Each structure stands twice: as C-alpha cells, then as structure tokens.
Amino acid sequence: MEIVSTKNAPGAIGPYSQAMILNGVVYTSGQVALSPETGEVVGTTIEEQAEQVMKNLGAVLEAAGSCYEKTVKTTCFLADMNDFAAFNEIYGKYFTGKPARSCVAVKTLPKNVLCEVEAIASVE
C-alpha cells in the first residue's frame, strides 16, 4: 500500500490520508471545499463549493497518477438534496467518462460544507 499526499489539496483534518493506492487502484478520502493554502471553506453556494471539491479531488487523483477519466466509482454526499441538479452541472464538467456513482444526502458534513466527493480510480 502507498499513501498519497499532495499540497495541492487540503491536508486531512483527522487521522487519515488523502488517498491510498493498492494493486493499481487509488481510493481517495472524501474531498470538501477547503482551500489547500488556508484550510478555509471556499464559496457559499453549491456551485462554488462543488468547483473547489472537484479541484481538490483532481489534485489528489493527479498525485496518485490517475485522473477523472480513470475514475470508476464516486460517492457524493450532499447536505441538501435540493442541490442535486446544481451539483450535477459541476460534477458533469469533470467526470465526463460517467463513472458509477452513489449520491446521498447527509445531515451534516465537516465544517458544514455543502458537498463532499470521494473516488476510486485506476492508476498507471
């Protein structure tokens, strides 16, 4: 197993890594809308936060030697299912390969953000 770490995405805010690679597959931790530089929440709308989430997730995937196109499964967490359509607009710009996905509403996310996304992707 290999731990993935990059300064281009926020550091873990708990006892976990940004991602792990095992047998040519990267498993990312959930990414939220935090600035890698400041650790502060970026944006107040679902669109703004989803953009930051995707940037952070992309940085972790890149550090692992993967990318959006090599993603086979994502799990998405929304604070409000009423944001589903707006979230999908942003998500669809990044995950053009249409990986398998689960999307659920949760009561509360870390730092009260509006969305979180984790991914499983192949690594070259």
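Just above sits the structure.
Attention here is on the structure that accompanies the text. Keep in mind the model is a prediction, meaning the values are calculated, not measured.

Let us look at the pattern of salt bridges. Counted according to the given criterion, the structure contains 1 salt bridge. Between Glu-51 and Lys-93 there is a salt bridge; the shortest N-O distance is 2.5 Å. With Glu-51 in helix α1 (residues 46-63) and Lys-93 in helix α2 (residues 84-94), this residue pair connects regions lying 42 residues apart in the sequence. Accessibility expressed as a relative area gives 17% for Glu-51, which makes it buried. Residue Lys-93 is classed as exposed on the basis of its relative accessible area of 52%.

Before going further, it helps to spend a moment on the packing of aromatic side chains. A full pass over the atoms with the stated rule returns 4 aromatic pairs. Each ring, one from Tyr-68 and one from Phe-95, has its centre 5.2 Å from the other, and the planes form 90°; the classification is edge-to-face. Of this pair, Tyr-68 sits in the loop between α1 and β4 (71-78) while Phe-95 sits in the loop between α2 and β5 (100-105), and the two are 27 residues apart along the sequence. Each member of the pair, Tyr-68 together with Phe-95, is buried. Between Phe-87 and Tyr-91, the aromatic rings sit 5.8 Å apart at their centres with planes inclined by 35°, giving tilted as the arrangement. Remark: Tyr-91 and Phe-87 occur in helix α2; sequence separation between them is 4 residues, near one turn of the helix. A residue is classified by how much of its surface remains accessible, and Tyr-91, at 7% relative accessible area, is buried. An aromatic cluster of at least three residues, connected via ring pairs, comprises Tyr-68, Phe-87, Tyr-91, Tyr-94 and Phe-95.

The side chains of a regular strand alternate, first on one face of the sheet and then on the other. One ladder, built from 6 bridges, connects β4 with β5; its direction is parallel. Within β5, the position partnered with Leu-78 by the bridge is Ala-105. Handedness of the crossover joining β4 and β5 through α2 is recorded here as right-handed.

Rules used throughout
- Residues numbered from 1 in each chain as written.
- Predicted model: local features only at pLDDT ≥ 70, side-chain atom pairs only at ≥ 80, totals over all residues.
- Heavy atoms only, no water.
- Salt bridge = Lys/Arg side-chain N within 4 Å of Asp/Glu carboxyl O.
- Helix = DSSP H or I, 4+ residues; strand = E, 2+ residues; numbered from the N terminus.
- Buried < 20%, exposed > 50% of the residue type's maximum accessible area, 1.4 Å probe, protein only.
- Phe/Tyr/Trp six-rings, centres within 6.5 Å; stacked < 30°, edge-to-face > 60°.
- Pairing = 2+ DSSP bridges.
- Right-handed = clockwise from strand over helix to strand, strands pointing away.

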